[in-house]
Every structure is written in C-alpha cells, then in structure tokens.
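Okay, here's what each chain looks like letter by letter:
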Amino acid sequence: MAETKREIERKYAADDSGLPDLTGVAGVAAVLDQGVAELDATYYDTPDLRLAAASITLRRRTGGSDAGWHLKLPVSPGVRDEIRAPLSGTLPPALAALVRSRVRDGEPVPVVRLRSARDVRHLVDADGALLAEVSLDTVRAERLSGGSGTAQWTEIEVELADGGDPAFLDRVDKRLRKAGVRPAKSPSKLARALAETDPGPLDADAGAGSAGKESPGKESPGKESSGKEGPGGAGSGKGGGGKKGSSGGHVTAGAYVLAYLREQRDAIVALDPAVRQEVPDAVHSMRVATRRTRSAFRSYAKVLDRAVTDPVGAELKWLAGELGVDRDREVLTAHLTAALDDLPATLVAGPVHDRLHSWARERHGGSRRHLIGVLDSRRYLNLLDALDALLADPPLRRAAAAKPAKVAAKAVRKDVRKLSVLVEEALWLPPGQERDVALHEARKRAKRTRYAAEAAEPALGAPARKLVKSVKSVQKVLGEHQDSVMARTTLGELAAVAHATGESAFTYGVLYGREEHRAALSEAALPERWEKVRRTTAV
C-alpha cells in the first residue's frame, strides 16, 4: 500500500568543514546526533529521461528508516510529494500508474545509482519535539544507462518535520549562510548526478513534451494552466517543427498558438497523477486544459489545419466528458447538500439527507473506478501521443506566419459574434425546456469565447482582459442556470425513488421550487450581463 508524505526541504553545498553548529538557531533547544546511515538508491527513468525532465524522481532505496520505493512529484520549489511503497523487486503497480502519462508504453530502467553516507542530526525544541532533520550527505554517483562515469560530492540537506512551520527553514538558512554555506546549484541529487556523469542528454532542447525532454529542474504544472504565460515569451519562438518567426525576428501567430497549446498539453500530463490521487480540483483543472486545447483548435483554425486537429479535438471532447462524470456529480452533490442544509427543519420530511448521501457515494465509487480505467486505457495514451505528434509536426496554415495580435483579434471577434447569436436566440425563447437547451449551448460558447480571449491576452493586452472579465460574468450566470436544470432533474429522480419506497417526497418538491426560482433569477440577470459584453472595448 502506497502512502504519501509532503516533503519540504532545502539543499546546500558542503565542503570539508562539515556541518556548522546549529544550536544558535532560534527555537532550537538541542541538536541530537542520530548517527550515520548507509543508503543505496537506484533511480529509474525512461531512456530519454522524461521523468527527470519534469523534476520527477523514482527510486528504489535500501538502508535508513524508510527503505522502499519512492516517487517524488514536484509541488513548488523545495516542496515535493513523496509517495512511498514497500520494498520489492519490481516497480509497484501503484507507482507505475502515477508515471504512466509520461512513461506511456516505455519501461523505466535504472539510470543512476547513488550510494550515500548520511550523517543525521535532529533539531528539537525545548519539549523535545522534532523541528527539522539535518543531514550531511557524502554521495557517490554511478551512471547505469544513457551515459557513463561517476561523480562524488558532499551536500547538506535540511528537511522540515511533518507539520512544521516552513518559516523555521528560513531561520536555519540564515544560520547556514552566516557560516558561509550556500544553496546547492542542483535541485536534487539525481539532477546533479545526471549532469556530472553525462550532461548531454538533459542539455538537448526538445521542447516541453511529456515524451520529450525539458531543461532539468523545470517544474511541471500542478494546477490549472492560466494561458497567460508562454505565448510570446522567450520559449515560444519555437514551434512548427522548428520553424521560427519572420526574418525580422518577431514571434509568429503559429509559434504563439503552439506555445499556448504546449502549456495545455503539459498541464494534462502533469495533472494525471493528481487526478489518480484525488487531489482537490485536479479533475476540474485537467478538464479545463482539455477544453482550452480543443477551443484553441477551433478558434485558431486559420493557424492550424482542422483536418488534422479535429480528430484530436474529438478525443479531447471524449476525455473531458469522462472527467466530467465525477466532477459534475461532485458539484451537484455539494449544491444539493447546501440547499438542504438551508431549509428549516419543519420543511425536511423523511430521510432526505441519508438518501442524498447514499446517492452520492454510490455514484462516486463507480465513477471513480471508471475514471481510473479511462486513464489506464489505450485510447487515453493514444490521445497523449497524438498531442505530442501534433505539436512536434504542426499542420500550420498561411495565417501562422502573421503577427499574433492580428490573428488573435480576428479569432476572438469571431467567437464573440457567434456567442451573440446564441444569447440573443435564447433570450427570445419562452421559458421552458427549449430555452434551457439554448441557454446551455450559449454557456458552452461562452466558455470557448473566454478561453480564446485568455489565450489572446499576452498579444492584445487590456482589451482582451476586459473581455475575459465580462464574458466570465455571462458564463457564470449561464452556469448557475444549467446547474439549476441539472439539480431539478436529480431532485425529480430522488423524489420518484422516495415515493416508491413509501417516503415523503415533500422536501424534494420544496427544493425543486427553489431551483426554479434560482433559474428565473439567472435568466433575469442575463440581459444586463450580456450588455456589459457588448459595451466591452473591442479587441
């Protein structure tokens, strides 16, 4: 059984003088010698070092108090989640699943062996509670594949105790710097070992692909990609199979769009383990990345040939739908639970809470197993491969050579016009199912328009930002309306089941009426929200 531990640490270069005296650090009552542990770790990766490129480490280690398999996933600089599994001869399935989005059909192989003599000290407070563990590590590295050679160095590692205050590491850092100790240049032992035994493999610039290579130490996206970085940046001059901007050196629309798409692809790949571990908001963030990618394919059809992108977009739509099954039910359950809690006790008749919770648990268990099956499926891995292939050899059209601002402005204006038609048509319809469907279609178009405007922000600046804000407001009210439609459908189903078992359906009717009122308020707010979009400065 794998377990997860949040690791917060800092690394420092060390010399022959050893570990400085840390008794002067504020809050430290004693420095306890824990002796020397002999550690022997073999690090695994694909032959082209995909895990190392994403700052992920996978190792099998013996010695010390935590022998076993360890997978470390980056969270932020100096912070990683370490997933541990018992020592075994082969890679545990639980850890293999967490690296599948990067490894794909590859098989992790031993790439580096690190043998360390770890001289450990515990920093404790006046009550004897552990504040941090400090170690002086003498490391011997041996390259096992993808290169050759050995390396040796000494470093200091300071790891915060579980549940400790990260500010304590600042106090230790101040003391170490005062003693002349400086931060290590490499983010991890593995990164240093790879660089010193054979720097070539990680120096190659192969883009930001999950199956390609990135610069060592680059953090993988662990949250929803904003679409506000990358396009137009220093790294976006590449794209289109190595094609660059014009002879004048400006970034082309093709390079701009491809940089945005790489961000979304990287987010999908990086969020895969978080989705598997049920990290809060991971499913939503991954779903958003799939939608943004698909939206960019459509909005920037003048840049990328839709004959090539449409099949990939269809698979992205499938993935978003699979991700949405659990997410939509989770949101709906939270909404109905809150609505039920808001009712006075006199309006709650029967075991409504129990029935709602049973409904949620039953569906979550089944959908959860289904989602893991999707992430393990050949179809999903083929989709990731297709995204990599498209970005490696993009189907650029003539407009790809134009300036980003010109192309982005046209794409956004086109999406706004289409959204306008859908909103106006929905507002003309009388209340009822047909209007509900029309408003839902307008909501989907509002999302696409918002994503297009977000992608255009680096090129268009303030006008695009204003449009994002106003369209987001429209999307919100349309989303509230659709949530009400879904809530009424579910309440009707629950009421029917309750009635069939002899329970009162009164409370479900009360909640249904409140949802109807909620929908009416959303519809009434839409014209004013839409007028703000119309008044927004044109891009």
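Scroll up for the structure.
This section reports on the structure supplied with the text. (Residues numbered from 1 in each chain as written. Predicted model: local features only at pLDDT ≥ 70, side-chain atom pairs only at ≥ 80, totals over all residues. Heavy atoms only, no water.)

### Some words on the packing of helix 13 (residues 433–460) against helix 14 (residues 462–500)
Rules: Whenever a helix is involved, its axis is fitted only over the stretch in contact; in every case the axis is a line through C-alpha atoms, and angles between N-to-C directions fall within 0 to 180 degrees. Secondary structure elements follow DSSP: runs of H or I of four or more residues count as helices, runs of E of two or more count as strands, with numbering from the N terminus. Roughly parallel means an angle under 35 degrees; roughly antiparallel, over 145; roughly perpendicular, 65 to 115; everything else is oblique. Crossing handedness is read from the near helix: turned anticlockwise from the far helix by less than a right angle, it gives a left-handed crossing, and turned clockwise, a right-handed one. Classes in brief: Ala, Val, Leu, Ile, Met, Phe, Trp, Tyr, Cys and Pro nonpolar; Asp, Glu, Lys and Arg charged; the others, Gly included, polar.
Contact pair helix 13 / helix 14: the axes reach a minimum separation of 8 Å and the direction vectors enclose 155°. Taken together, the axes of helix 13 and helix 14 are roughly antiparallel relative to one another. Along this stretch, helix 13 crosses helix 14, giving a crossing that reads as left-handed. Grouping the amino acids of the contact of helix 13 with helix 14 by side-chain chemistry returns 14 nonpolar, 6 polar and 9 charged.

### Brief notes about the packing of aromatic side chains
Quick note on the threshold: Two rings belonging to Phe, Tyr or Trp (six-membered ring only in the last case) form a pair when the distance between their centres is within 6.5 Å. Interplanar angles under 30 degrees mark stacking, angles over 60 mark edge-to-face geometry, and anything in between is tilted.
This structure, assessed with the given rule, holds 1 aromatic pair. With a centroid separation of 5.2 Å and an interplanar angle of 45°, the aromatic rings of Y44 and W69 are classed as tilted. One end of the pair, Y44, is in strand 2 (residues 30–45); the other, W69, is in strand 4 (residues 68–76), with 25 residues separating them in the sequence.

### Considerations on the environment of E107
By secondary structure assignment, the location of E107 is in the loop between helix 3 (100–103) and strand 6 (109–124). Distance in space between the C-alpha atoms of E107 and L91 is 10.0 Å, their sequence separation being 16 residues.

### Here we look at the pairing of strand 1 (residues 3–13)
This is how it is decided: Strand pairing is assigned whenever DSSP identifies at least 2 bridges connecting the two strands.
Pairing of strand 1 with strand 5 (residues 79–85), which is carried by 6 bridges, proceeds in the antiparallel orientation. From the neighbouring strand, E7 faces strand 5, where its bridge partner is R80. Here 5 bridges tie strand 1 to strand 8 (residues 150–160), and the two strands are oriented antiparallel to one another. Looking across to strand 8, one finds that A13 is bridged to E155.

### Section: a positive patch on the surface
Stated formally: Each patch is built from salt-bridge-free residues with over 30% relative accessible area, joining like charges within 9 Å and nonpolar side chains (Val, Leu, Ile, Met, Phe, Trp, Tyr) within 5 Å. Surface accessibility follows the Shrake-Rupley procedure with a 1.4 Å probe radius. Residue values consider only the protein chains on display as shielding. Any Lys or Arg side-chain nitrogen found within 4 Å of a carboxyl oxygen on Asp or Glu counts as a salt bridge. His is not counted here, nor are the chain ends, while Lys and Arg score as positive and Asp and Glu score as negative. Throughout, a charge is located at the NZ atom of Lys, the CZ atom of Arg, the CG atom of Asp or the CD atom of Glu.
A surface patch of like charges, here positive, comprises R298, K302, K317, R397, K406, K410, R413, K414, R417 and K418. By the element assignment, K418 lies in helix 12 (residues 404–428).

### Quick word on the sheet that holds strand 4
The strand order around the closed barrel formed by 8 strands is 1-5-4-3-2-6-7-8, and the pairing between neighbours is antiparallel. The average angle at which neighbouring strand axes cross in this sheet is 35°, direction not considered. Alignment of strand 7 (residues 130–143) against strand 8, held across 11 bridges, turns out to be antiparallel. Across the sheet, residue L136 finds its bridge partner in strand 8, namely I156.

### Some points on the environment of L87
Defined as follows: Here a residue-residue contact requires only that any non-hydrogen atoms of the pair lie within 4.5 Å.
Locating L87 in the fold gives a position in the loop between strand 5 and helix 2 (93–98). For L87, the residues in contact, after removing those within four places along its chain, are R60, R61, T62, G68 and W69.

### Brief notes about the nonpolar core
Heads up, the condition is: Buried Ala, Val, Leu, Ile, Met, Phe, Trp, Tyr and Cys residues that are joined via side-chain atoms within 4.5 Å together make up what is termed a nonpolar core. Categorising residues by exposure relies on relative accessible area from a 1.4 Å probe, with only protein chains included: less than 20% of the type maximum marks a residue as buried, more than 50% marks it as exposed, and the intermediate range marks it as partly exposed.
If you look at the biggest cluster of nonpolar residues, it comprises 64 residues, and the most contacted ones within it are Y300 and Y380. Per element, the largest residue contribution to this core is 12 residues, and it comes from helix 7 (residues 253–276). Apart from residues lying up to four places away in sequence, Y300 is in contact with V257, V407, A408, A411, A452, A455 and A456.

### Let's talk about the pattern of salt bridges
Counted by the stated rule, this structure contains 45 salt bridges. Note that R104 and D388 form a salt bridge whose closest N and O atoms lie 3.0 Å from each other. Within this pair, whereas R104 is found in the loop between helix 3 and strand 6, its partner D388 is found in helix 11 (residues 378–392), the two being separated by 284 residues in sequence. According to the relative accessible area criterion, R104 is buried, its value standing at 8%. Look at D388 and you get buried, because its relative accessible area is 15%. The shortest N-O distance in the salt bridge between R292 and E454 comes to 2.8 Å. Here R292, found in helix 8 (residues 282–299), pairs with E454, found in helix 13; they are 162 residues apart in sequence, far enough to count as distant. On the basis of relative accessible area, E454 is assigned to the buried category, the value being 5%.

### Let's talk about the side chain of D272
Along the chain, D272 turns up in helix 7. A residue is classified by how much of its surface remains accessible, and D272, at 0% relative accessible area, is buried. The residues touching D272, leaving out its near neighbours within four places in the chain, are A97, S101, M286, L375 and Y380.

### Notes on the packing of helix 8 against helix 13
Put simply, helix 8 and helix 13 touch, their axes get as near as 9 Å, and they point 80° apart. As judged from the angle between their axes, helix 8 and helix 13 are roughly perpendicular. Facing helix 8, whose interface residues are V288, R291, R292, S295, R298 and S299, helix 13 presents K447, R448, Y451, A452 and E454. Within the contact of helix 8 with helix 13, the residues separate by chemical class into 3 nonpolar, 2 polar and 6 charged.

### A look at the pairing of strand 6
Pairing analysis gives 15 bridges linking strand 2 to strand 6, with the strands arranged antiparallel. Considered in strand 6, the bridge of A37 is made with R118. In this sheet, strand 7 lies alongside strand 6 in antiparallel orientation, the contact comprising 13 bridges. Within the sheet, the bridge partner assigned to D119 lies in strand 7 and is L136. Between the end of strand 6 and the start of strand 7, which pair antiparallel, lie 5 residues, with G128 showing a positive phi angle near 85°.

### Describing the environment of P351
In this fold, P351 is placed in the loop between helix 9 (306–341) and helix 10 (352–375). When the C-alpha atoms of P351 and T507 are compared, they prove to be 9.9 Å apart, with 156 residues separating the residues in sequence.

Keep in mind that these numbers describe shape and distance, not what the molecule does.
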